[in-house]
Amino acid sequence: MSDHTHHHRTAPREWRTGILFLLPAIVLFGIFVVYPIIYNFQASTLDWDGVNPGRFVGLDNYTRLFQDPIFLTTLKNSGWWILLTIIPQALIGFLLAMLLNEKLRGRAIYRAIFFIPAVLSPVVVGIVWQRIFDPFNGVVAKLGRATGLDFLVHGYLADPKTAIFAAIVVNVWMWTGFSMLFYLAGLQLIDNSVLAAAKIDGAGTWRTIRSIIWPLLRQTHLSLLLLGIIGSLKTFELVYVLTEGGPNHASEMLPTYTFKQAFQLQSVGFASTISVVLLLIAVISSLSLVRAFGSGFLTGDEK
């Protein structure tokens, strides 16, 4: 009996200790995450320039936002960005990982080379690629002139039809090494005996990749998908350095549009509205992914 009461007495004590350890994290989360979200939502109901007192306008900013053609362009661009970034990055990253998982000479050096772009600052990458895409004396244009491939001699970043796609190419170049590293880690976890058994059963390389390796990397695909969607939604520096969202908002993304509204047009209330919508899109897409594929996929303990 005494043992039972003793257990009862220690349970709240353990609980208190647990809370005590969690407290710093909870406080920081409250100050840096919860408070800004509430503050942002509150600001989105105001007509406010960020300096003078704001005027309460209810949900007017939201109605204005959904009638705003530029906002609709940013949503379309985000859709292209998610689609054309995640799929090529995953496929190229997977192929590189398969190649660099073999016993190649100097494979560690190759891995490092492919991963370098992901460590660079997006600002640096943007400046370098601006030079590469320069239609007068950039590398791409010079290559076009030398080989007679005239379509390469084109101001891709200055053309409203191609600006967003040129930025996506740069983004894929930058992050493919990151996908490669993820897939390499996933490949190391695959039990060799499974692959050996497939070989004995007479499965060819292509068949093994398609039926065994690709499905076994499900966790990796999903983690990259989640990171890719969140990363695409919050892309700012790269687009801003390459095109500043131009020409004529053709490559505008949600964060660049928020920045312009807040810091160039002094329309802080409207900018807060955009960021609230951005947050909602990110949260909803992440949660629906986790729901669709089971919550165990991030920790790897799904049944």
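In what follows, the structure referred to is the one given above.
Cut-offs and rules
Residues numbered from 1 in each chain as written. Predicted model: local features only at pLDDT ≥ 70, side-chain atom pairs only at ≥ 80, totals over all residues. Heavy atoms only, no water. Helix = DSSP H or I, 4+ residues; strand = E, 2+ residues; numbered from the N terminus. Rg over C-alpha atoms; globule rule 2.2 N^0.38 Å. Buried < 20%, exposed > 50% of the residue type's maximum accessible area, 1.4 Å probe, protein only. Contact = heavy atoms within 4.5 Å. Areas by Shrake-Rupley, 256 points an atom, 1.4 Å probe, with all protein chains shown as cover. Lys, Arg positive; Asp, Glu negative; His and termini not counted. Charge placed at Lys NZ, Arg CZ, Asp CG, Glu CD. Salt bridge = Lys/Arg side-chain N within 4 Å of Asp/Glu carboxyl O. 1 Å grid on protein atoms, 1.4 Å probe; cavity = no way out; pocket = protein on both sides within 12 Å on 5 of 7 lines; lining within 4 Å. Points joined across faces, edges and corners; volume = space filled by probe spheres on them. Nonpolar A, V, L, I, M, F, W, Y, C, P; charged D, E, K, R; others polar. Phe/Tyr/Trp six-rings, centres within 6.5 Å; stacked < 30°, edge-to-face > 60°. Lys NZ or Arg CZ within 6 Å of the ring centre and 35° of its normal. Core = buried A, V, L, I, M, F, W, Y, C linked by side-chain atoms within 4.5 Å. Axes fitted to C-alpha atoms, helices over the stretch in contact; angles between N-to-C directions. Parallel < 35°, antiparallel > 145°, perpendicular 65-115°, else oblique. Left-handed = near helix turned anticlockwise from the far one by under 90°.

(A) Summary view of the overall build of the protein chain. Looking only at helices and strands, the protein chain has 13 helices and 2 strands in total. Here the C-alpha atoms of the protein chain give a radius of gyration of 25 Å, more than 25% beyond the 19 Å that 2.2 N^0.38 yields for 303 residues. The principal-axis extent of the C-alpha atoms belonging to the protein chain is close to 90 × 75 × 30 Å. A burial count over the protein chain gives 38% of its 303 residues as buried. Within the protein chain, residue pairs in contact and separated by at least 24 positions form 66% of the contacts whose partners lie at least 6 positions apart. Accessible area for the protein chain stands at about 18500 Å²; split by element, carbon and sulfur atoms hold 69% of it. Placing the 22 positive and 17 negative side-chain charges of the protein chain at their respective mean positions leaves the two points 7 Å apart.

(B) Quick peek at unusual backbone geometry. Residue P247 follows G246 across a cis peptide bond; omega there is -15 degrees. Mapped onto the fold, P247 is located in the loop between α11 (237-242) and α12 (254-264). At N248, a residue that is not glycine, the phi angle is positive and equals roughly 50 degrees. As for its position among the elements, N248 is in the loop between α11 and α12. Despite not being glycine, H249 has its phi angle at roughly 65 degrees, a positive value. By the element assignment, H249 lies in the loop between α11 and α12.

(C) Summary view of the pattern of salt bridges. Evaluated as defined, the whole model comprises 2 salt bridges. The residue R55 makes a salt bridge to D47 at a minimum N-O spacing of 3.3 Å. For R55, a relative accessible area of 51% gives the class exposed. Classification of D47 by relative accessible area gives partly exposed; the value is 44%.

(D) Layout of the layout of surface pockets. Here the largest pocket defines a volume of roughly 790 Å³. In terms of lining, the largest pocket is formed by 24 residues, of which the most central are M98, E102, L195, I209 and I213. When residues of the lining of the largest pocket are assigned to their parent elements, the largest contribution, 7 residues, is made by helix α9 (residues 205-216). Class assignment for the residues of the lining of the largest pocket results in 14 nonpolar, 6 polar and 4 charged. Along the walls of the second largest pocket sit 29 residues, with Q89, W175, L227, G228 and G231 positioned nearest its centre. Elements with a contribution of two residues or more to the lining of the second largest pocket: α3 (69-100), α7 (163-189), α10 (218-233) and α11.

(E) A look at the packing of aromatic side chains. Overall, the coordinates contain 15 aromatic pairs when judged by the stated rule. A ring pair is formed by W129 and F133, whose centres lie 5.5 Å apart and whose planes are at 50 degrees; its orientation type is tilted. Here the residue W129 and the residue F133 both occupy positions in helix α5 (residues 122-133), the gap between them amounting to 4 residues, near one helical turn. Here W129 matches F133 in class, with each residue buried. Ring-pair connections join several aromatic residues into one group, and the members of that group are W129, F133, Y156 and W173. For the cation-ring pair, R64 lies above F270, with the distance from its terminal atom to the ring centre recorded as 3.7 Å.

(F) Molecular detail of the nonpolar core. Residues W81, V125, W129, F133, V170 and L242 are the most contacted members of the largest nonpolar core, which totals 19 residues. Taken together, the elements giving at least two residues each to this core come down to α5, α7 and α11. In terms of residue count, α7 provides more of this core than any other element does, 7 residues in total. For V125, the residues in contact, after removing those within four places along its chain, are P117, L120, V170, W173, M174 and L238. Core analysis: the next-biggest nonpolar cluster, separate from the first, contains 17 residues, Y257, V276, V277 and L289 among them.

(G) Local environment of the packing of α3 against α7. It is the contact of α3 with α7, at a shortest axis distance of 6 Å, that shows an interaxial angle of 40 degrees. Between α3 and α7, the angle is such that the two are oblique. Relative to α7, the crossing made by α3 is right-handed.

(H) The arrangement of the packing of helix α8 (residues 192-200) against α9 in detail. Between α8 and α9, whose axes approach to 11 Å, the crossing angle comes to 145 degrees. Of the two elements, α8 crosses α9, and the hand of that crossing is right-handed. Mapping the contact onto sequence places V194, L195 and A198 in α8 and T208, I212 and I213 in α9. Here the residues of the contact of α8 with α9 are counted per class, giving 5 nonpolar, 1 polar and no charged.

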